[in-house]
Amino acid sequence: MPSIVDLRARRSDWISVPNVVLHLGFVLAPVFLAAYFGGWSILIGFVWFGFSQNSLANLMHETAHRLVFRENNWSDILGHRILAPSFLTSFELYRRRHWVHHSQTGNEHDTKTTYLVRREGIGSLLVFAGRCLIGIEAVQRFLNTQKENQFVKPLTTRGEKRFAFESSDVS
């Protein structure tokens, strides 16, 4: 089985950069089109963006693993400067929580709990959908995230540079 280094070396950044640009363009296009045209394009844009925006989360996952570009800094910049702000989150916190998930999968410290939710039958699915629509699930997830953060340790030490262009006083 090939190593991560071998997999990353296979694809040129000359392929990754246009893929990322086209990907972001496809996902964000409905927002700009709806703002420009208004009317029915808002509904079409809402549906288009709704179906395609999850791919931004997948792209953020790949940047957290530093698999998008050969140069780690490029993946970090994409995650920190473009993707995480679109989710109103901290990329560094996302990356740390994700590493905890990988190291603690299936036990009580696992930070990913969505696959543990049991839904049996249409009734429980409808109740879950209702809880999502009125925000109960979001609030509960936020509160659980705050409790889980005690298991999330920094990946970088204070003063260590994340990017080549940053000063060393970045935390």
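Residues numbered from 1 in each chain as written. Predicted model: local features only at pLDDT ≥ 70, side-chain atom pairs only at ≥ 80, totals over all residues. Heavy atoms only, no water.

A word on the pattern of salt bridges. Side chains carrying opposite charge are able to pair once their charged atoms draw close together. Counted by the stated rule, this structure contains three salt bridges. As a salt-bridge pair, Arg 66 and Asp 76 come within 2.9 Å of each other at their nearest N and O atoms. Here Arg 66, found in the loop between helix 4 (54–64) and helix 5 (72–86), pairs with Asp 76, found in helix 5; they are ten residues apart in sequence, far enough to count as distant. What makes Arg 66 partly exposed here is its relative accessible area of 29%. Judged by its relative accessible area of 3%, Asp 76 falls in the buried class. Ionic pairing is found between Asp 76 and Arg 95, a salt bridge with its closest N-O pair at 2.7 Å. With Asp 76 in helix 5 and Arg 95 in helix 6 (residues 91–103), the pair connects residues that are 19 residues apart, well separated along the chain. Of the two residues, Asp 76 and Arg 95, both sit in the buried class. Three or more residues are tied together by salt bridges with common partners; here these are Arg 66, Asp 76 and Arg 95. (Salt bridge = Lys/Arg side-chain N within 4 Å of Asp/Glu carboxyl O. Helix = DSSP H or I, 4+ residues; strand = E, 2+ residues; numbered from the N terminus. Buried < 20%, exposed > 50% of the residue type's maximum accessible area, 1.4 Å probe, protein only.)

Here we take up the confidence of the model for the protein. On average, residues of the protein carry a pLDDT of 80, and 73% of them reach 70 or more. Taken element by element, the protein is modelled with least confidence in helix 1 (residues 4–10), mean pLDDT 66, and with most confidence in helix 5, mean pLDDT 94. (pLDDT = per-residue confidence, 0-100.)

The next subject is unusual backbone geometry. Positive phi outside glycine occurs at Arg 66, with the angle close to 60°. The phi dihedral of Leu 88 is positive, around 55°, even though this residue is not glycine. Residue position: Leu 88 is located in the loop between helix 5 and helix 6. You can call Leu 88 exposed: its relative accessible area is 82%.

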